[in-house]
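Understanding the architecture of this molecule
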Amino acid sequence: MTEYRIDDLARRAGTTARNVRVYQESGLLPRPHRRGRVAIYTDRHLRQLEAIIRLLGEGFTVKHILRFLTGLQRGQDLAQVLDLADLGELVTEPWSRPVTATVSRAELENRLGTLDVATLARLLADRIIEETEETDRFRVRDQRVIEDFATLIARGMPLATILQTTAAVDAHLDEAARELAGAGHSEVVRQRGAGWYPSNDTELAWAADLVDAMRRVARRSAHASLDRALDEAVRTELRRYQQYEAADADGK
């Protein structure tokens, strides 16, 4: 059986030693064995830690994961384990499902090219990456974003241009999200009255269903609108390019 110190365990799982301690304190991860003053972890700890990270990445809360793991250890069946008595959590459950990872600066630069101080600061400011306790190691908030950036870089687009463009898009999406949240609030007030707050499971289920419906509509609407806007923008740019080429040819 392989044995790990806490730093080795965290590195193998793609997280930080601090997170390992947090998971232990919250009851998600079993305490390590002790060999004198040294904490020793095993493959069982590694497997459970990897499962915790995957579940967190899928949007599950610490409370849900703890209930899941505890239920399995008690021999409960899956239906019992997944019974969410507090339906309020369904309302506040994250909409996004990021694929997180902890990587070194060298691994980042392997995907994005050389990162100077200013570019690294921009990635941090835009919350694309986060600092960890370890020097030159970063938590990537969504690995898919890094891969998308790398795809554009491979096609010759500078990272600075990508960051500027995505920041502008994010600003518009933030505004759209506020509009959506405001519409949801207005609908709750219209149907339930100002100051209403769910007080039982039935009302919580109603609120959760409304939020879920809003999610589906928002996603589909956003995708459809973006596709239409991109089509029109590309056609406009092509027309401008053709006009420029024609004018340039006439000038010659």
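Residues numbered from 1 in each chain as written. Predicted model: local features only at pLDDT ≥ 70, side-chain atom pairs only at ≥ 80, totals over all residues. Heavy atoms only, no water.

A word on the pattern of salt bridges
- The tally for this structure, following the rule as stated, stands at 14 salt bridges.
- Between Glu-130 and Arg-141 there is a salt bridge, and its shortest N-O distance comes to 2.8 Å. With Glu-130 in strand β5 (residues 129-131) and Arg-141 in the loop between β6 (137-140) and α9 (143-154), the pair connects residues that are 11 residues apart, well separated along the chain.
- Assessed through its relative accessible area of 28%, Arg-141 is described here as partly exposed.
- One salt-bridge network, in which partners are shared between bridges, spans Asp-8, Arg-11, Glu-134 and Arg-137. (Salt bridge = Lys/Arg side-chain N within 4 Å of Asp/Glu carboxyl O. Helix = DSSP H or I, 4+ residues; strand = E, 2+ residues; numbered from the N terminus. Buried < 20%, exposed > 50% of the residue type's maximum accessible area, 1.4 Å probe, protein only.)

Comments concerning the environment of Arg-240
- Mapped onto the secondary structure, Arg-240 falls in helix α11 (residues 201-251).
- At a separation of 3.0 Å, a polar atom in the side chain of Arg-240 contacts the side chain of Glu-237. (Polar contact = N/O pair within 3.5 Å; in protein donor to acceptor, adjacent residues only side chain to side chain.)

A closer look at the sheet that holds β5
- Taking strand neighbours across the sheet as the criterion, the 3 strands line up as β4-β6-β5 in an open arrangement whose pairing is antiparallel. The sheet is open, and its two edges are formed by β4 (101-104) and β5, each paired on a single side. Within the sheet, the average angular offset between the axes of one strand and its neighbour, ignoring direction, is 35 degrees.
- Pairing of β4 with β6, which is carried by 4 bridges, proceeds in the antiparallel orientation. (Pairing = 2+ DSSP bridges. Axes fitted to C-alpha atoms, helices over the stretch in contact; angles between N-to-C directions.)

Quick notes on the nonpolar core
- Ranked by size, the top nonpolar core spans 17 residues in total, and within it Leu-9, Val-20, Tyr-23, Leu-29, Tyr-41, Leu-49 and Ile-52 carry the most contacts.
- Residue assignment for this core shows that the elements contributing at least two residues are α1 (6-13), α2 (17-25), β3 (38-42) and α3 (43-57).
- By size, the runner-up hydrophobic cluster in this structure holds 15 residues, among which are Val-103, Leu-108, Phe-138 and Ile-162. (Core = buried A, V, L, I, M, F, W, Y, C linked by side-chain atoms within 4.5 Å.)

A closer look at the sheet that holds strand β2 (residues 33-35)
- Overall, antiparallel pairing links the 3 strands, which are arranged β1-β3-β2 in an open sheet. Looking along the sheet, the strands with just one partner apiece sit at the ends: β1 (3-4) and β2.
- Looking at chain direction, β1 and β3 are connected through 2 bridges and run antiparallel. Looking at the pairing, Glu-3 lines up with Thr-42 of β3.
- In the packing of α3 onto the sheet, contacts are made with β1, β2 and β3, and the angle to β3 comes to roughly 70 degrees. (Contact = heavy atoms within 4.5 Å.)

Some thoughts on the confidence of the model for the protein chain
- For the protein chain, per-residue confidence averages 79 on the pLDDT scale, and 81% of positions sit at 70 or higher.
- Element-level pLDDT for the protein chain is lowest in helix α5 (residues 78-81), with a mean of 41, against a maximum mean of 93 in helix α7 (residues 105-112).
- In this model, residues 76-93 is a region of pLDDT below 50 whose contacts with residues beyond four sequence positions or in other chains number 32 contacts. (pLDDT = per-residue confidence, 0-100.)

A closer look at the packing of α9 against helix α10 (residues 159-192)
- With their axes 10 Å apart at the nearest point, α9 and α10 run at an angle of 130 degrees to one another. When the axis of α9 is compared with that of α10, the two are oblique. Seen along the crossing, α9 lies across α10 with a hand that is right-handed. Of the residues in α10, those touching α9 at Phe-149, Leu-152 and Ile-153 are Leu-159, Ile-162, Leu-163 and Thr-166.
- Grouping the constituent residues of the contact of α9 with α10 by class yields 6 nonpolar, 1 polar and no charged. (Parallel < 35°, antiparallel > 145°, perpendicular 65-115°, else oblique. Left-handed = near helix turned anticlockwise from the far one by under 90°. Nonpolar A, V, L, I, M, F, W, Y, C, P; charged D, E, K, R; others polar.)

Considerations on unusual backbone geometry
- A positive phi angle, close to 60 degrees, is found at Arg-127, a residue other than glycine.
- Structurally, the position occupied by Arg-127 is in the loop between α8 (117-125) and β5.
- Its identity as a non-glycine residue notwithstanding, Asp-136 has a phi of 60 degrees, on the positive side.
- Turning to its location among the elements, Asp-136 is positioned in the loop between β5 and β6.

Considerations on the side chain of His-45
- Note that His-45 resides in helix α3.
- If sequence neighbours within four positions are ignored, His-45 has contacts with Leu-9, Leu-29, Pro-30, Arg-31, Pro-32, His-33 and Ile-40.

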